[in-house]
Amino acid sequence: MKETILIRFGEIFLKGKNYLFFENTLFKNIQRRLRKFELKIDRIYGRFLISNFDKNNKEEIIDILRTIFGIVSISVAYEVDTNIETICEVCSSLKINKNTFKVETNRADKNFPLKSFELSTKIGGLILEKNPNLKVDVHSPEQILNIDIRQNGKTYIFYDKINCLGGMPVGTAGKGMLLLSGGIDSPVAGFMMAKRGLKLDAIHFFSYPYTSEQAKQKVIDLANIIKKYTGDIRLFMVPFTKIQEEIHKNCDSIYMVTIVRRFMMEIAEIVAKQQNCGAIITGENLGQVASQTVEGITSTNKMAQDLPIFRPLIGFDKIDICDIAEKIGTYETSILPYEDCCSVFLPKKPATHPKFDKVIMNEKLLNRKSLIDEAIKNIEIIDIKL
């Protein structure tokens, strides 16, 4: 009897003929994340199996598995040969630490002579013989003993299922460019889209000396936090000072926020296409700030000529976004008091319903191409690696 870790995955079963692509990607993602450990990873139909690991590393391995998209749940299980005598012996020797219990059997190997209910009943009886103070509760048991009979000639016996993130394996939906600010929303947006299988690059706009080096480092720190969910991130740091100065000097202040966002979107699409990204991702949330009204978002959308813009948080409450940020570990960093470039030269009353013709008229006062070319030429690239 040896200790193993069973890995279950769910949604990829729905992928029909493409199933193997999704399974292979998840398998490689797990291998990559656990590469520092000496262990063995096997495939058994409908499961992955980790064995031959140092028990001192078990908790760390479990913690890593819980951050990998595509995994629905895991269990620490005992592996035994599939025969009735061995299964009965092992199950009846295990301790039940609660007052009520239930035995559940999954009979994936249909050649096993007993049906699931029959084996569960047999094992439950043996446990009661050795533990007369216990009671069976099939509806609300305090402890469940699971028996998973697989087609590889092995049976896996375990108590708990540890819930994981689910979703799709990162890399199965292509790649997206995340507009990563120093705020709460954008790291959560990146997390949400990685959960749907997108690999991420990220782009950040900074306006030194109006924004500090601490603000820049804050964004790097956020990328380092979410990388355990998203995998490696290539971070593009765009110098945005001159663009903002020119907008401030030449344009009507009430349209400054809208014009700034339009410059960001245009640059983001250029860089995204250079990096073979298929989409742009933002943390925008309808009605949250002046640029995130229907009119503001429509004006920004017009700058992305070829790529779709994904806004996974568009209908979320701020409380919901903060809850996710706390769960993934970005919240405390996001609220550090280092302002990003969106706070530079803010007008007292920005246009919340910008008139598109007025925006265009103001932009004609700028040498748009020259400003964008210079910003892209001076991009700093930082590779955030696991």
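For the structure itself, consult the block above.
Every value quoted in this text rests on a predicted model; they were computed, and no experiment measured them.

Engineer: Explain the overall build of the chain here, please?
Structural biologist: Looking only at helices and strands, the chain features 13 helices and 15 strands. A compact globule built from 386 residues would reach a C-alpha radius of gyration of about 21 Å, whereas the chain, at 27 Å, exceeds it by more than 25%. The principal-axis extent of the C-alpha atoms belonging to the chain is close to 85 × 35 × 35 Å. Of the accessible surface of the chain, which amounts to about 18700 Å², a share of 50% is contributed by carbon and sulfur atoms.

Engineer: I tried to follow the sheet that holds strand 12 (residues 233-239) on my own but got confused; where do I start?
Structural biologist: Two strands in a sheet stick together by hydrogen bonds in their backbones, pointing the same way (parallel) or opposite ways (antiparallel). Strand order in the open sheet made by the six strands is 14-13-10-11-12-15, with mixed pairing throughout. Single-partner strands in this sheet number two, and they are strand 14 (309-310) and strand 15 (380-384). Pairing of strand 10 (residues 175-179) with strand 13 (residues 279-281) involves three bridges; the strand directions are parallel. Each bridged residue has a counterpart across the sheet, and for Met-177 the counterpart in strand 13 is Ile-280.

Engineer: Just checking my understanding: could you explain the packing of helix 8 (residues 256-274) against helix 12 (residues 356-363) for this structure?
Structural biologist: A packed helix pair is summarised by two numbers, namely the angle formed by the two axes and the spacing between the axes. At their nearest, the axes of helix 8 and helix 12 sit 10 Å apart, and the two run at 70° to each other. Judged by the angle between their axes, helix 8 and helix 12 are roughly perpendicular. Residue-level inspection shows Thr-258, Ile-259 and Arg-262 of helix 8 in contact with helix 12, the latter providing Phe-356, Val-359, Ile-360, Asn-362 and Glu-363. Here the residues of the contact of helix 8 with helix 12 are counted per class, giving four nonpolar, two polar and two charged.

Engineer: Can you help me understand the pattern of salt bridges in this one?
Structural biologist: As a working rule, side chains carrying opposite charge can pair if their charged atoms are close by. Overall, the coordinates contain 24 salt bridges when judged by the stated rule. Here Lys-102 makes a salt bridge to Glu-104, at a shortest N to O gap of 3.1 Å. The partner of Glu-374 in a salt bridge is Lys-242, with the nearest N and O atoms 3.3 Å apart. In this pair, Glu-374 is assigned in helix 13 (residues 368-377) and Lys-242 in helix 7 (residues 241-250), connecting sequence segments 132 residues apart. The class of Lys-242 is partly exposed, set by a relative accessible area of 42%. Each of Arg-262, Glu-266, Glu-363 and Arg-368 takes part in a single network of salt bridges with overlapping partners.

Engineer: Whenever I open this one, the nonpolar core confuses me. Can you help?
Structural biologist: Where a protein is soluble and globular, its nonpolar side chains tend to be buried together. Counting residues in hydrophobic clusters, the biggest one holds 35 residues, and the most contacted among them are Ile-203, Ile-247, Phe-263 and Ile-267. Within the residue set of this core, elements represented by two or more residues are strand 10, strand 11 (199-206), strand 12, helix 7, helix 8 and helix 13. The element that contributes the greatest number of residues to this core is helix 8, accounting for 10 residues. Discounting chain neighbours no more than four positions away, the residues touching Phe-263 are Phe-240, Ile-243, Ile-247, Leu-366, Arg-368, Leu-371 and Ile-372.

Engineer: Looking at this model, I keep getting lost on a negative patch on the surface. Mind explaining?
Structural biologist: On the surface, a cluster of negative charge is made up of Asp-317, Asp-320, Asp-323, Glu-326 and Glu-332. With three residues, helix 10 (residues 318-328) is the single largest residue contributor to the negative patch. Secondary-structure assignment places Glu-326 in helix 10.

Engineer: I tried to follow a positive patch on the surface on my own but got confused; where do I start?
Structural biologist: A surface patch of positive charge is lined by Lys-28, Arg-32, Arg-35 and Lys-199. Relative to the helices and strands, Lys-28 resides in helix 1 (residues 19-33).

Calculation notes
Residues numbered from 1 in each chain as written. Predicted model: local features only at pLDDT ≥ 70, side-chain atom pairs only at ≥ 80, totals over all residues. Heavy atoms only, no water. Helix = DSSP H or I, 4+ residues; strand = E, 2+ residues; numbered from the N terminus. Rg over C-alpha atoms; globule rule 2.2 N^0.38 Å. Areas by Shrake-Rupley, 256 points an atom, 1.4 Å probe, with all protein chains shown as cover. Pairing = 2+ DSSP bridges. Axes fitted to C-alpha atoms, helices over the stretch in contact; angles between N-to-C directions. Parallel < 35°, antiparallel > 145°, perpendicular 65-115°, else oblique. Contact = heavy atoms within 4.5 Å. Nonpolar A, V, L, I, M, F, W, Y, C, P; charged D, E, K, R; others polar. Salt bridge = Lys/Arg side-chain N within 4 Å of Asp/Glu carboxyl O. Buried < 20%, exposed > 50% of the residue type's maximum accessible area, 1.4 Å probe, protein only. Core = buried A, V, L, I, M, F, W, Y, C linked by side-chain atoms within 4.5 Å. Patch = residues over 30% accessible without salt bridge, like charges linked within 9 Å, V, L, I, M, F, W, Y side chains within 5 Å. Lys, Arg positive; Asp, Glu negative; His and termini not counted. Charge placed at Lys NZ, Arg CZ, Asp CG, Glu CD.

Purely geometric numbers; function is a separate question.
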